[in-house]
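# An overview of the molecular structure
Okay, here's what each chain looks like letter by letter:
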Amino acid sequence: MRLLTPEDALPTYALARLYDPALTLPDWTAQLARSVTEEGTFGAFRGTTARALLRYIVTRAADGAEVAVIRWVTAFDLIDPEQVAEDLVTAVRKLEDAESRLTAWAPNARRTPGFDKAVAGEAVLHSVL
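Residues numbered from 1 in each chain as written. Predicted model: local features only at pLDDT ≥ 70, side-chain atom pairs only at ≥ 80, totals over all residues. Heavy atoms only, no water.

### What to know about the overall build of the chain
Along the backbone of the chain there are four helices and six strands. Helices and strands appear in the chain in the N-to-C order β-α-α-β-β-β-α-β-α-β. Against the compact-globule benchmark of 14 Å for 129 residues, the chain has a radius of gyration of 14 Å, which places it among compact chains. Along the three orthogonal principal directions, the C-alpha set of the chain runs to about 40 × 30 × 25 Å. Going through the 129 residues of the chain one by one, you find that 40% of them count as buried. Sequence-distant contacts, at least 24 apart, represent 56% of the contacts inside the chain between residues at least 6 apart. Split by element, the accessible area of the chain, about 7,000 Å² in all, is 54% carbon and sulfur. Computed over 14 positive and 18 negative side-chain charges, the separation of the two mean positions in the chain equals 1 Å. (Helix = DSSP H or I, 4+ residues; strand = E, 2+ residues; numbered from the N terminus. Rg over C-alpha atoms; globule rule 2.2 N^0.38 Å. Buried < 20%, exposed > 50% of the residue type's maximum accessible area, 1.4 Å probe, protein only. Contact = heavy atoms within 4.5 Å. Areas by Shrake-Rupley, 256 points an atom, 1.4 Å probe, with all protein chains shown as cover. Lys, Arg positive; Asp, Glu negative; His and termini not counted. Charge placed at Lys NZ, Arg CZ, Asp CG, Glu CD.)

Below is the structure:
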């Protein structure tokens, strides 16, 4: 897993378009160029192939705490894309916890038991089978 940069735009574009079919390559490149202190995209890879993407924004709660809000997740796997998405969500949450940042999910906007699985279950998932 790693944070994407504009250089990752072309190799991750097809996966990003699974989430948003209207997305253009210049728009995707521009999204990846935005300040990672405000928003960004993590990618999970097998070798050089992107298998899942997670887009987030950073905001502040009413008490001033920083919150990383997961905006969307998309994943591809031949058999189990939900597991690929769940693994990425789990890794991002651990990273955000290490930064002392809360993690929320835009459609749900709260931490709940099974948070990682719930977010992964709502991801845009694609498999061959």
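### Re the packing of aromatic side chains
Evaluation of the coordinates by the stated rule reveals three aromatic pairs. Summarising the aromatic geometry, the rings of Tyr19 and Trp72 are spaced 4.3 Å apart at their centres and angled 10° between planes, so their arrangement reads as stacked. Of this pair, Tyr19 sits in helix α1 (residues 9-19) while Trp72 sits in strand β4 (residues 66-76), placing them 53 residues apart in sequence. Assessed through its relative accessible area of 12%, Trp72 is described here as buried. (Phe/Tyr/Trp six-rings, centres within 6.5 Å; stacked < 30°, edge-to-face > 60°.)

### A word on the side chain of Thr74
Tracing the chain through its elements places Thr74 in strand β4. Looking at Thr74, its side chain comes within polar contact range of the main-chain oxygen of Val124, at 2.9 Å. (Polar contact = N/O pair within 3.5 Å; in protein donor to acceptor, adjacent residues only side chain to side chain.)

### Description of the nonpolar core
One finds Leu54, Ile70, Val73, Leu88, Val89 and Val119 to be the most contacted residues of the largest nonpolar core, which totals 19 residues. Mapped onto this core, the elements with two or more residues apiece are β2 (39-46), β3 (49-60), β4, α3 (81-98) and α4 (115-121). It is α3 that contributes the most residues to this core, five residues altogether. Leu4, Ala9, Tyr13 and Leu53 belong to the second-largest nonpolar core, a separate cluster that totals eleven residues. (Core = buried A, V, L, I, M, F, W, Y, C linked by side-chain atoms within 4.5 Å.)

### Here's the deal with the environment of Thr29
Counting through the fold element by element, Thr29 comes out in helix α2 (residues 25-33). Each C-alpha atom, one on Thr29 and one on Pro6, is 5.2 Å from the other, the two residues being 23 residues apart in sequence. When residues no more than four places from it in sequence are discounted, the contact partners of Thr29 are Pro6 and Ala9.

### Section: the environment of Glu39
Tracing the backbone through its elements, the reader meets Glu39 in strand β2. By relative accessible area, Glu39 is classed as buried at 17%. The sequence separation of Glu39 and Pro26 amounts to 13 residues, and the corresponding C-alpha distance is 17 Å. When neighbours within four sequence positions are excluded, Glu39 is seen to be in contact with Arg34, Arg55, Tyr56 and Ile57. A distance of 2.6 Å separates a polar atom in the side chain of Glu39 from a polar atom in the side chain of Arg55.

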